[in-house]
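One letter stands for each residue in the lines below.
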Amino acid sequence: MAAVHSKEFVKKVLDLRYKDGLSARQITKELGSEFLMVNKREMTKNIVIGIWNRNKYLVDKQDIIKEQVKALENIVIVKPLHIERKKIKQEHFRKRKCLSCRKEMLLEKNLYICEPCKKSENYKFSTTQHTYHTGGA
Ligand SMILES: [Zn+2]
């Protein structure tokens, strides 16, 4: 049996959700003691979500739209950032053989020596190894 909540209580839950943007968990903290006094049991996240779902028709349509827009914005913002990061990574790294140890590595665009080699001070770096002969010369 679902508990019957007073109109005032339902309105408080909906206002916290749609006007103040609180999460279900935050609302249980906010209204938990009041709920416990009336219903003699703990207020859980599921109870909050149940109240939202059953009483959404009471919420101002504008508030619901605002919330949906906010949720959409979050998705739109997160996605391009992720793609952007991936692109940067690919553009700035090249798979090439380190000129010192000859191991194939993912190296930054303008680097020809891998990190481990650079750290050891006496790596054998020959500038002649990456000059290219142009045809015909
Ligand atoms: Zn190396």
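Residues numbered from 1 in each chain as written. Predicted model: local features only at pLDDT ≥ 70, side-chain atom pairs only at ≥ 80, totals over all residues.

Where do I start with the nonpolar core in this structure?
Taken as a class, soluble globular proteins show a tendency for nonpolar side chains to be buried jointly. Core analysis: the largest hydrophobic core is formed by seven residues, namely Val13, Ile27, Phe35, Met43, Ile47, Val48 and Ile51. Residue assignment for this core shows that the elements contributing at least two residues are α2 (24-39) and α3 (45-55). No other element matches the three residues that α3 contributes to this core. Not counting residues up to four positions away in its chain, the partners in contact with Met43 are Thr28, Leu31, Gly32, Phe35, Leu36 and Val48. (Core = buried A, V, L, I, M, F, W, Y, C linked by C-beta atoms within 7 Å. Buried ≥ 20, exposed ≤ 12 C-beta atoms within 10 Å, placed from the backbone. Helix = DSSP H or I, 4+ residues; strand = E, 2+ residues; numbered from the N terminus. Contact = placed C-beta atoms within 7 Å.)

Any chance you could explain α2 here in plain terms?
In an α-helix, one full turn covers 3.6 residues, which means residues spaced three or four apart are oriented alike. Its 16 residues place the ends of α2 only 18 Å apart at the C-alpha level, less than the 22 Å of an ideal helix rising 1.5 Å per residue. Roughly 60 degrees is the biggest bend found in α2, and it falls at Leu31. One or two steps after α2, the chain reaches Lys40, where phi turns positive at roughly 60 degrees. (Expected span 1.5 Å × (residues − 1). Bend = angle between axes of the 7 residues up to and from the residue.)

What is the right way to look at the packing of α2 against α3 in this model?
Two measures define how a pair of helices packs: the angle their axes make with one another and the distance between the axes. Packing of α2 against α3 brings their axes to within 8 Å, and their N-to-C directions diverge by 100 degrees. When the axis of α2 is compared with that of α3, the two are roughly perpendicular. Contacts between α2 and α3 involve Ala24, Arg25, Ile27 and Thr28 from the former and Lys45, Val48 and Ile49 from the latter. Along the lines of polarity and charge, the residues of the contact of α2 with α3 split into four nonpolar, one polar and two charged. (Axes fitted to C-alpha atoms, helices over the stretch in contact; angles between N-to-C directions. Parallel < 35°, antiparallel > 145°, perpendicular 65-115°, else oblique. Nonpolar A, V, L, I, M, F, W, Y, C, P; charged D, E, K, R; others polar.)

Just checking my understanding: could you explain α3 for this structure?
Three or more residues of α3 are buried, namely Ile47, Val48 and Ile51. All buried residues of α3 fall inside an arc of 100 degrees around its axis, so they share one side. Projecting away from the buried face of α3 at angles above 90 degrees are the exposed residues Asn46 and Asn53. Tucked into the core, α3 has its buried residues touching α1 (7-18) and α2. (Arc of directions from axis to C-beta.)

Any chance you could explain the pairing of strand β1 (residues 93-97) here in plain terms?
Every other side chain in a regular strand lies on the same face of the sheet, so the side chains alternate between the two faces. As paired strands, β1 and strand β2 (residues 104-108) are joined by five bridges and run antiparallel to one another. Within β2, the position partnered with Lys95 by the bridge is Leu106. Between β1 and β2, which pair antiparallel and follow one another directly, the connecting turn spans six residues, one of which, Arg102, has a positive phi of 65 degrees. (Pairing = 2+ DSSP bridges.)

Sorry, what's going on with unusual backbone geometry here?
For residues that are not glycine, phi is negative in most cases, and the peptide bond is trans in most cases. The phi dihedral of Lys40 is positive, around 60 degrees, even though this residue is not glycine. You can see Lys40 is positioned in the loop between α2 and α3. Take Lys40: there are 8 C-beta atoms within 10 Å of it, and that puts it in the exposed class. Positive phi, normally seen in glycine, also occurs at Arg102, with a value near 65 degrees. Residue classification places Arg102 among the exposed positions, given that 10 C-beta atoms sit within 10 Å.

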